[in-house]
Amino acid sequence: MGLSLPYGPAELVSQLLVGLSRSMILFIVCAGLSFVLGVLRVPNIAHGSLYMIGAFATYSLSILFAGSSGFWIALIFAPLVVVLVSLIAERALFCHLYQREHLMLLLFTFALSLIFGDLVKLVWGAEYRSVSAPGMLKGSISMLGSSFPRYNLFLIFIGLVVAIALWLFVNKTKIGKISRAAAVDRDMVGMLGINVSWVFAAAFVIGCYLAGLGGALVAPTVSITLGMDHTLIIEAFLIVTIGGLGNMWGALVGSLIFGVTQSFGVLILPQFAIVFPYAAVVIVLLLRPKGLLKSVW
Amino acid sequence: MKQIITRRSFVLIPLVLAVLLILHPAAAMAEPPIKVGIIDTYTGPPTTYTYDVRDAFKVAIDEINAKGGVLGRKIAFTTRDDKFKVDICLSMAKELVMNEKVDILMGTINSAATLAISEYCKTEKIPFLVTFSKSDKITGEKGHRYVFSITENTVMIGKAAAVGLSKRPFLKYWITGDDYEYGHALADGVWGNLKKIKPQVELIGQSWWKLGEPDLTPYLTAISAAKPDAVIFATGAASMVNAMKVAKATGFAEKIPMFIHTATELSTLAPLGPEAPEKVMGTSNYHFYYPDTPKNKAFAKAFRDAYGRYPKVGALYGYLAAQFIAKALEKAGKMDREKFIDALEKMKIDSPVGEVAIRSYDHQAMLPMFMGVTKKVPKYSFLIASDIVTIPAKDVMPSIEDIKKARGK
Amino acid sequence: MFKRIVQPKWLGSVVAIFIVLLILPPFLPRFFVYVLALIYVTSLLAMSLNLLVGHGGMFQFHHAVFYGVGAYTVALILTKTSLPMWVGFVAGPMAATIVGLFIGWFCVRLTRLYFGMLQISLGSLIWAIVFRWYSFTGGDDGIHGIRMAPFLSSLNNSYYFILVILVISLIILYLVLKSPFGSTLQAIRDNPDRCAAVGINVRRHQLLAIVIATFFAGMAGVLFVVLERSVFPDLLFWVLSLEIFIMCLLGGWFTFAGPILGAAITVALRTFVGIYTEYWTLILGIILILLIFFLPEGVMGYFLEIFKPQAKEAAERRE
């Protein structure tokens, strides 16, 4: 069934904005995944779990600091919790594996995802949690005759901020430039006297920070549950692949494609909206097998 | 570069076997308890329902055991987590039957897994009580002697919802929900029955999101653009809370009347707290505050004393399971599976929602449905159902004719 | 060639193991017979994947699709038609091979990670179709209570049947790996450019390997139905693909029988640890980490290292 209705420009813009806000979360998370992939050459399967920890931590922190500023405090500290967790995993275990085969690193991140998944269950229990948007971001704005949630507008804004911050980081800071260099040629970087292991650690931690930030930002818009990691990781991997491995702008392009095709798919063919992003991925890979933008590898 | 299998590497396989044999649980004790095995999902969103089933079952069983048990034996139960995966559910169910050697099996919230286990129980000839899965095939098309359902199914929900909705002025409907079998069955049940009672209603569109879809905002904004009179949400455990949350955040709930099965139920309303939207219509099998009978009050109090929280709908099913098992065993006279089934299929018991009987033809419990509207009240930190209308069990039961047809008789 | 392949040294122990496994059922509690049968099914699936991953170096990231296709094919034939069971048993692997060839044809155009990603996307499309096409595939309810010929109705008989099919499949896989085709495949894994330069048609070899691997994956799917009598969309889900991949890594993906060990460990862990705690995934994760640090060649590789140092050196030279 499903009739196609004459949607006016207001609805189209509204759907576009909704798609964009979804894309922004995907972008933040995928930028982190792509960054780690580029520098360490390892797809971090635990990335989804870190995102989930970010969301759960946001829940706990916003309960702890109840009141209207609770969410903002959570937004700052939840990604730091994720950073701490990932730093522990990295220094204790991961860094000893950098010399090993890639499949081993992949296996390690998979093991981490299993462990984190159950750890979340141990710490927070199996029931799902809910976080509300902070007072000033609640409700919606009437725009062009259609209402649009304030929080989603906020997400678009934050997405742009993060994109700019990332660009500055990668191009203007020393660590950023070294990371980029290490992504392209780690041996050369090592020969220049830079401790490659530290570069990897920094890159990993930054990637995980972004995963945690994504989780914190998404918390008010979804149910925070076990299994969020699985839902996210497959999308994240597909986005990173079609964007171009290791390329953060590719992550942006891929996220936009994903988010927007899905929200328009909902308008055009709601029964099959779920298929649109996968179909988009298939088309992209068939036409441009190496991804849309240049891969770092 | 030849890889040769060395003889000694195969020492490992007998070693593994030996380890497995050692882990085999210890033999039974002197006067063995009657063993019930519960296979259910104890990971993720479904736990908001399944924990209550298990916990209420425990309270009821403890009470029964305190009075000496049944037939001079205590009732013991053990649980397994299937993580909502059908293959794990099958393995665990088989483990409970073949390894733990349970007398009665109970579970699960995953409809596909329930159907799979139901077939297995038919082959093994072991009684299986379904505690939460709502597929009508369980006691309908795929029903058989060894399966019983003590929870409502999509046909019953559909009939109840249709009765409630037909009394309201809405004509143009939109249907949306989780894109899986439960969602579609629910929607078909509600719509089919509504159309029968009130032929003027019109379905102007449908949209379905993938199961577990985290962001429902684009779906709701698209629906509000179509301007229906009311929207029927066919959501399952995964999206229930999410849908309510987004409906509130986008202001959708204020503008467009929504109907969701279990919107009024505590499992949905508790996690949302005061953030839940008001004026949402819903159906439910159980409210701890309605009907306000002594039996219900006592039940809710016992649960609250034991666990420090109010009972949700799962608690009713857990309680029903315990009572049905105990009373049917008593009637049967001993733990004989066939006699147990003979007794159970004609059993009625008193419960917090009144008298509940098992219909002999399809082994379906006859449960009343309650339709209400969400409302904020000062007494509780969560919303409750108000303006509750009771739809008696006989008005919602699936027709035996339909079941006969589906079974090919 | 026969003499080269069949080493009398270990042939004896293999046959001995087979005989032991064959006569086990009457001596074991029913549940253990079931678990062993489940291990056999999973082993075949993991072995079929390893042909491509360990020996072919291909990023077969969504192998479960072919397993699921095989299972669903036999399920559909046995529930929607009254064709004899054997037709279903043959049709399952054939259908899996056809789908494998179709997906493979697209994937071999790409390399490494992109091969895998495209496969995940195409495979997920198939999963979505099976999941939504309720009237044909039963949707997410699945299909249950699938009929079997009377001789397979007992657990023990199913066990024997599965074991025999597993052993035949393993023999075939072994012969494939030892054949000139198998050697070429491994050469392609180690250095595809050099092989292409020498005139080997890399794509055709990879496609042929895919055909064989997906055939056996479909066969594993059929065996699953024999054991469980149910099919459901989880069988085609990417999580299962990842799990089988991990089984190969766990057992030792450069060895022949490593995946069997990986499958056995995973199934046993899941089943037996699952009895005692819900947190068996945590335990699996910890075991994997321990393995990575202490047994990097996988469990099988570790044993090879102890008993056959030359094989380990060969593996090391490869890294």
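Within each chain, residue numbers correspond to sequence positions counted from 1 in written order. Labels are handed out in written order, letters beginning with A for the chains and numbers beginning with 1 for the ligands. Totals for whole chains, interfaces and linings use all residues, but because this is a predicted model, local features are given only for residues with pLDDT of at least 70 and pairs of side-chain atoms are given and counted only at 80 or more.

Enquirer: Requested: an account of the overall build of chain A, with residues and values cited.
Expert: Secondary structure follows DSSP: runs of H or I at least 4 residues long count as helices, runs of E at least 2 residues long count as strands, and numbering of each begins at the N terminus. The helix and strand tally for chain A stands at eleven helices and two strands. The N-to-C order of helical and strand elements in chain A reads α-α-α-α-β-β-α-α-α-α-α-α-α. For the radius of gyration, the atom set is restricted to C-alpha positions; the globular benchmark scales as 2.2 Å times the number of residues to the power 0.38. For 297 residues, the compact-globule estimate of 2.2 N^0.38 gives 19 Å, and the C-alpha radius of gyration of chain A, at 19 Å, lies within 12% of that figure. Structurally, chain A occupies a C-alpha span of about 60 × 50 × 35 Å along its principal axes. Each of the 297 residues in chain A was classed as buried or not, and the buried ones make up 58%. Pairs at least 24 residues apart make up 79% of the contacts formed inside chain A by residues separated by at least 6 positions. To assign burial, the other C-beta atoms lying within 10 Å of each residue's own C-beta are counted, with C-beta atoms placed from the backbone; 20 or more indicates buried, 12 or fewer indicates exposed, and intermediate counts indicate partly exposed. Here contacts are defined at the residue level, using C-beta atoms placed from the backbone and a cut-off of 7 Å between them.

Enquirer: An account of the overall build of chain B is requested, with residue identities and associated values reported.
Expert: When its secondary structure is counted, chain B shows 15 helices and 15 strands. Computed over its C-alpha atoms, the radius of gyration of chain B comes to 23 Å, within 12% of the 22 Å expected for a compact globule of 409 residues. Expressed along its principal axes, the backbone C-alpha trace of chain B runs to roughly 70 × 70 × 50 Å. When contacts within chain B are restricted to residue pairs at least 6 apart in sequence, long-range pairs at least 24 apart make up 70% of them.

Enquirer: Explain the interface of chain B and chain A to me, and be specific about the residues and the numbers.
Expert: At the interface, 34 residues of chain B touch 43 residues of chain A. Elements supplying a minimum of two residues to the side of chain B that touches chain A: α2 (47-66), β7 (202-209), α7 (217-226), α8 (237-249) and α10 (266-272) of chain B.

Enquirer: Can you tell me about the packing of helix α9 (residues 180-190) of chain C against helix α11 (residues 202-228) of chain C, naming the residues and giving the values?
Expert: All names here are of chain C. Where α9 meets α11, the closest approach of the two axes is 10 Å, and the angle between their N-to-C directions is 115°. Between α9 and α11 lies a crossing whose hand is left-handed. Mapping the contact onto sequence places T184, L185 and I188 in α9 and V202, H205 and A209 in α11. Helix axes are fitted to C-alpha atoms over the stretch in contact, other axes to C-alpha atoms as well, and angles between N-to-C directions run from 0 to 180 degrees. Throughout, a crossing is termed right-handed when the near helix is turned clockwise from the far one, and left-handed when it is turned anticlockwise from it by less than a right angle.

Enquirer: Describe the sheet that holds strand β6 (residues 172-178) of chain B, with residues and values.
Expert: Residues and elements named next belong to chain B. Taken in spatial order, the seven strands line up as β7-β6-β8-β9-β10-β14-β15 in an open sheet, and their pairing is mixed. On the outer flanks of this sheet lie β7 and β15 (384-391), each paired with one strand and no other. Between one strand axis and the next, the sheet turns through 20° on average, direction left out of account. By definition, two strands form a pair when at least two bridges between them are found by DSSP. Note that strand β9 (residues 258-261) and strand β10 (residues 281-284) share three bridges and pair parallel. Within the sheet, the bridge partner assigned to I260 lies in β10 and is G282. Of the strands in this sheet, β6, β7, β8 (230-234) and β9 are in contact with helix α6 (residues 181-197), which crosses β6 at around 160°.

Enquirer: Describe the confidence of the model for chain B, listing the residues and the values that go with them.
Expert: Caution applies to low-pLDDT regions: their predicted coordinates should not be interpreted in detail. All names here are of chain B. Think of pLDDT as the predictor's per-residue confidence, scored from 0 to 100. Confidence in the prediction for chain B averages 88 pLDDT; 92% of positions are at 70 or higher. Between residues 1-9, whose pLDDT stays under 50, and residues either more than four places distant or in other chains, the model counts 26 contacts. Contacts from residues 26-30, a stretch scored under 50 in pLDDT, to residues over four places away or in other chains number zero contacts. Interface confidence for the predicted complex, expressed as ipTM, amounts to 0.87; the pTM equals 0.87.

Enquirer: I'd love a proper account of the packing of helix α2 (residues 47-64) of chain A against helix α8 (residues 196-218) of chain A, names of residues and values included.
Expert: Residue and element names in this part refer to chain A. Remark: α2 packs on α8, axes separated minimally by 7 Å, with the N-to-C direction vectors making an angle of 45°. If you check the angle between α2 and α8, you find them oblique. For the element pair α2 and α8, the recorded crossing hand is right-handed. Each of H47, L50, Y51, M52, I53, G54, A55 and T58 in α2 lies in contact with α8, whose residues at this interface are C208, A211, G212, L213, G214, G215, A216 and V218. Along the lines of polarity and charge, the residues of the contact of α2 with α8 split into ten nonpolar, six polar and no charged. Should an angle lie under 35 degrees it is considered roughly parallel, over 145 roughly antiparallel, and from 65 to 115 roughly perpendicular; all remaining angles are considered oblique. In this classification, Asp, Glu, Lys and Arg are treated as charged, Ala, Val, Leu, Ile, Met, Phe, Trp, Tyr, Cys and Pro as nonpolar, and every other residue, Gly included, as polar.

Enquirer: Go over helix α8 (residues 155-178) of chain C, please, and point to the residues and values.
Expert: Residue and element names in this part refer to chain C. Here α8 is 24 residues long and its end C-alpha atoms lie 34 Å apart, about the 34 Å a rise of 1.5 Å per residue gives. All buried positions along α8 are accounted for by S158, Y159, F161, I162, I165, L166, S169, L170, L173 and L177. At its buried positions, α8 is contacted by α3 (30-53), α9 and α11. Here a helix's expected span is defined as the number of its residues, less one, multiplied by 1.5 Å.

Enquirer: Please set out the environment of R30 of chain C residue by residue, giving values where relevant.
Expert: The topology assignment puts R30 of chain C in helix α3. Among residues more than four places away in sequence, those in contact with R30 of chain C are M98 of chain B together with L155 of chain C.

Enquirer: Give a detailed account of the pairing of strand β3 (residues 104-107) of chain B, specifying residues and quantitative values.
Expert: Residue and element names in this part refer to chain B. Where burial is concerned, the two faces of β3 agree: the one with I104 and M106 and the one with L105 and G107 are both buried. As judged from the four bridges shared by strand β1 (residues 34-40) and β3, these two strands associate in the parallel manner. Each bridged residue has a counterpart across the sheet, and for G37 the counterpart in β3 is L105. Where β3 and strand β4 (residues 128-130) come together, three bridges link them in parallel fashion. Bridge pairing in β4 links L105 to F128. Each parallel crossover has a hand, and for β3 linked through helix α4 (residues 111-124) to β4 it is right-handed. When the strands point away from the viewer and the path from the first strand over the helix to the second turns clockwise, the crossover is right-handed.

Enquirer: Any chance you could break down the pairing of β9 of chain B for me, citing the residues and the numbers?
Expert: Alternating positions in β9 of chain B separate into two faces, M258 and I260 of chain B on one and F259 and H261 of chain B on the other, with burial throughout. Regarding the hand of the β-α-β motif, the stretch spanning β9 of chain B, α10 of chain B and β10 of chain B is right-handed.

Enquirer: How would you explain the environment of T235 of chain B if you had to name every residue and give the values?
Expert: Residues and elements named next belong to chain B. As for its placement among the helices and strands, T235 is situated in the loop between β8 and α8. T235 gets classed as buried once you count the C-beta atoms within 10 Å, which come to 25. A sequence separation of 56 residues divides T235 from D179, and the C-alpha atoms of the two residues are 8.6 Å apart. Contacts of T235, omitting those with residues within four sequence positions, involve G177, D178, G183, M240, A243 and I260.

Enquirer: I'd like to hear about the nonpolar core, residue by residue, with values.
Expert: Core analysis: the biggest nonpolar cluster contains 350 residues, and V29 and V82 of chain A, L105 of chain B together with V41, I162 and L223 of chain C have the highest contact counts within it. It is α3 of chain C that contributes the most residues to this core, 18 residues altogether. Once residues within four sequence positions are removed from consideration, L223 of chain C is found in contact with V41, L44, I162 and I165 of chain C. In this usage, the nonpolar core is the set of buried Ala, Val, Leu, Ile, Met, Phe, Trp, Tyr and Cys residues whose C-beta atoms join them within 7 Å.

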